[in-house]
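Each chain, letter by letter, is given below.
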Amino acid sequence: MKKKVISVMLAATMVAAMAVGCGSSGGDDATSDQPAGDEQTEEPSGDEQTEEPEGDEQTEEPTEGDDAAAGGDLADKKVGVCIYQFSDNFMTLFRTELENYLVEQGFSKDNITIADGANDQATQSGQIDSFIADGVDVLIINPVNSSSAETITDKVVDAGIPLVYINREPEEAEEKRWEDNGWDVTYVGCDARQSGTFQGELIADLGMDKVDLNGDGKIQYIMVQGDPENIDAQYRTEFSVKALADAGLEVEELDNQVGNWQQDQAQQIVANALGQHGNDIEVVFCNNDAMALGALQAIESAGRTVGTDIFLVGVDALSEALENVISGKMTGTVFNDHFAQSHSAADAAIKFVKGEKNDYYIGCDYVKVTADNAQEVLDMVK
Ligand code: BGC
């Protein structure tokens, strides 16, 4: 219930569209703990026995007739979850909440296996093969490379296993293929264009007078990007700057580097940029909060002060970032609702297991976070 109540409070104070859940999903009543580490996540039994699925015999497509049996007892059903990389802060929140919520819905913890792709598509593909060989009832996959989705979909569909993609959206043509073929495959995630737009608005809302520190009529910024193959990184990069332009503000890009969603890489990038461009940098855009935390370390080491002589925004609403927004060390962030996304992914998986259909795209809203609502969001995510 906690989340629902706070969502309503946020809705009252937010200009932006509120995240009260993804698409058709319902479950808002789970609370979340901080990431509990990796202890619950066993690897599927290794990659060595990666046989190609030989037809559909071990995993028949659920039919209406299976409904009672499947829906009656989720505790017997096996769920395979592939995460692109366990060390990613945001995906740690996501997978922890996903597992808790699946258990709340009736799955047995012993039947949920979560695999770390270690940011390597070959490793993850081996894990998917193992899950198929193991006859899981449903797969939830956060692909290492979205461009591998076609291959992944083919082998999972061939094995007759329903599939829920999360967080890294496959290309439009791939999603269309699921629909055209009527496959039990869906994607759950937020539209990254919205998060980019919110980042730009966080800066534009401060006003040109405040942000244009050198008074040259332009906003000089640097961009720190996530993995460039990821649509979230592409859209956030594009739409944050577009929002400034749409607000009538002139911009100048001083640097644009790939930090791969990583705090340490971002710290290095921003330290170098500050060394090169010094006080000319007025705004630092980071595609996620992990990188914004790295940027903040570099900003502080350079003796600069966020809110006074530089502005900094991220995405995700990690607890540490929210605390920084509250204390003024970050200008703002954007809440990437891992509750709504993980619950929607689990709800979609449950529908598939019960032999029901899902939409092919299940969306979710981001929430703009400033010092005005950061405490409320922090109370919700903690
Ligand atoms: C999050 C990033 C995360 C990435 C992983 C994004 O939506 O904002 O923090 O690293 O997903 O794919």
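Refer to the structure above for everything that follows.
What counts as what
- Residues numbered from 1 in each chain as written.
- Predicted model: local features only at pLDDT ≥ 70, side-chain atom pairs only at ≥ 80, totals over all residues.
- Heavy atoms only, no water.
- Core = buried A, V, L, I, M, F, W, Y, C linked by side-chain atoms within 4.5 Å.
- Buried < 20%, exposed > 50% of the residue type's maximum accessible area, 1.4 Å probe, protein only.
- Helix = DSSP H or I, 4+ residues; strand = E, 2+ residues; numbered from the N terminus.
- Contact = heavy atoms within 4.5 Å.
- Lys, Arg positive; Asp, Glu negative; His and termini not counted.
- Salt bridge = Lys/Arg side-chain N within 4 Å of Asp/Glu carboxyl O.
- Polar contact = N/O pair within 3.5 Å; in protein donor to acceptor, adjacent residues only side chain to side chain.
- Pairing = 2+ DSSP bridges.
- Axes fitted to C-alpha atoms, helices over the stretch in contact; angles between N-to-C directions.
- Right-handed = clockwise from strand over helix to strand, strands pointing away.

Undergrad: Provide a residue-level description of the nonpolar core, including the pertinent values.
TA: Residues V164, I166, V270, V284, L312 and F335 are the most contacted members of the largest nonpolar core, which totals 67 residues. Here this core gets eight residues from one element, more than from any other, and that element is helix 13 (residues 338–353). Sequence-distant contacts of V164, that is, excluding residues within four places in its chain, are made with L139, I140, I141, T186, V188, A345, A348, A349 and F352.

Undergrad: So what's going on with the side chain of D316? Residues and values would help.
TA: Take D316: it is sitting in the loop between strand 9 (311–313) and helix 12 (319–327). Buried charge D316 goes without a salt bridge, the closest partner of opposite sign being R236 at 4.6 Å. Within the structure, D316 has its side chain in polar contact with the side chain of N336 (distance 3.0 Å). For D316, the contacting residues outside a window of four places in its chain are F90, N288, D289, T333, V334, F335 and N336.

Undergrad: Kindly report on the sheet that holds strand 11 (residues 361–362), identifying the contributing residues and their values.
TA: Strand order in the open sheet formed by six strands is 2-1-3-4-5-11, with parallel pairing between adjacent strands. One side of each edge strand has no neighbouring strand; the edge strands of this open sheet are strand 2 (112–116) and strand 11. Running at roughly 180° to strand 1 (residues 79–83), helix 4 (residues 121–134) makes contact with strand 1, strand 2 and strand 3 (138–141) of the sheet.

Undergrad: Could you give an account of the sheet that holds strand 9, with specific residues and numbers?
TA: With parallel pairing, four strands are arranged side by side in an open sheet as 7-6-8-9. Single-partner strands in this sheet number two, and they are strand 7 (251–258) and strand 9. Taken over all neighbouring pairs, the strand axes of this sheet differ in orientation by 15° on average, direction set aside. With seven bridges joining them, strand 6 (residues 219–225) and strand 7 adopt parallel strand pairing. In the sheet register, V224 faces strand 7, and the bridge partner there is Q257. Packed on one face of the sheet, helix 7 (residues 192–204) meets strand 6, strand 8 (283–286) and strand 9 and runs near 165° to strand 8. Of the strands in this sheet, strand 6, strand 7 and strand 8 touch helix 10 (residues 263–277), which is tilted by about 140° from strand 7.

Undergrad: For the pairing of strand 4 (residues 163–166), give the residues involved together with the corresponding values.
TA: Of the two faces of strand 4, the one carrying L163 and Y165 and the one carrying V164 and I166 are both buried. Sheet analysis places strand 3 next to strand 4, joined by three bridges and oriented parallel. Bridge assignment links I141 to a residue of strand 4, and that residue is Y165. Where the polypeptide runs from strand 3 across helix 5 (residues 149–158) and back to strand 4, its parallel neighbour, the crossover connection is right-handed. Of the strand pairs in this sheet, strand 4 and strand 5 (residues 185–188) are connected by four bridges, and their pairing is parallel. Of the residues in strand 5, the one forming a bridge with Y165 is Y187.

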